[in-house]
Amino acid sequence: ITKNMRPVVISLETASSSGGDKSSISVTVKDESNNAIDEASISAYDLTTRNLLAREDTNLQGKASLKLSTTRSYRIIAYKNGFSPAFIDVKMGESKSITLKKILPGASSTITVEARDKLVVAPNAQVNLFNSNGFPLGFPSQETLADGLAIFTVPKTLDASSYKLYASASLDSKTGKSDLIEPKEDVQLVVNLESPKTKLTIKTVDASNNKPVTGAI
């Protein structure tokens, strides 16, 4: 595939299960010459919660089977190195296709993400890129190096349209995200890692009867 970077067509075929409330979506990845493409990453997300439900790589026959609930709608994200990621929303019983398009020279931008912990660069942080709609873009996550940096190459447009992205990073219990940008050119994003916010609730009571006291300052 790295030698012949032609558009890749992904066919989605549903296969219902007999008994039980589970079905599988069968995904077939092929190129324009109908050749099977292996090791394409296929991820399924809940369309409402945006939670990852299943992820599989296509096999030597270019197929992957995702076990999913029949009562939900899903976003399928397909990714292959050297191509723009592609997205499609599906329900059980539908059959759709996706075309992965090659990222042409000059049509990509380099996104450098710097993770910081209390203004100090943070190595070993896990970094992901997200679309402005909150779904992952589909690129594999990266771990920041000793300099706190992770570098991604992304397309300037998706389906010939402009889009916006942001970076998210996590390290132990700390998380953070960058500003939202449109990747028209090379850019560096900064993610400041913060500990989870804690909520302190103070209840004032009368010491004599243990009843709440209103209006206390």
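Every chain's residues receive numbers from 1 upward, in the order its sequence appears when written. Confidence filtering applies because this is a predicted model: local features only for residues at pLDDT of at least 70, side-chain atom pairs given and counted only at 80 or more, and all residues used for totals across whole chains, interfaces and linings. To get the side-chain values, take all heavy atoms of the structure and skip hydrogens and water.

Caption draft 1: Geometry of the sheet that holds strand β4 (residues 52-57). If you walk across this open sheet you meet the four strands as β4-β3-β6-β7, and the pairing is antiparallel. Strands at the two margins of the open sheet, each flanked by one partner only, are β4 and β7 (86-91). This sheet shows a mean twist of 20° between the axes of neighbouring strands, independent of strand direction. When strand β3 (residues 41-46) meets β4, the two strands line up antiparallel, connected through five bridges. Across the sheet, residue isoleucine 42 finds its bridge partner in β4, namely glutamate 56. Any two strands with at least two DSSP-identified bridges between them are counted as paired. Only runs of H or I of at least four residues qualify as helices and only runs of E of at least two qualify as strands under DSSP, and these elements are numbered from the N terminus. Every axis corresponds to a line fitted to the C-alpha atoms, with the helix fit spanning only the stretch in contact, and the corresponding angles, defined between N-to-C directions, vary from 0 to 180 degrees.

Caption draft 2: Summary view of the confidence of the model for the protein. pLDDT: the predictor's confidence for each residue, scored from 0 to 100. With 80% of its residues at a pLDDT of at least 70, the protein reaches an overall mean of 83. What makes two residues a contact is simply this: any of their non-hydrogen atoms within 4.5 Å. In the model, residues 13-21 has pLDDT below 50 throughout and makes 16 contacts with residues more than four positions away in sequence or in other chains.

Caption draft 3: Region of the structure containing unusual backbone geometry. Positive phi outside glycine occurs at leucine 119, with the angle close to 70°. Here leucine 119 lies in the loop between β9 (108-117) and β10 (120-121). A residue is classified by how much of its surface remains accessible, and leucine 119, at 73% relative accessible area, is exposed. Residues other than glycine seldom take positive phi values, yet aspartate 172 does so here, at roughly 55°. Within the fold, aspartate 172 resides in the loop between β14 (165-171) and β15 (174-177). Exposure classes here rest on a 1.4 Å probe applied to the protein chains alone. A residue is buried below 20% of its type maximum, exposed above 50%, and partly exposed in between. According to the relative accessible area criterion, aspartate 172 is exposed, its value standing at 78%.

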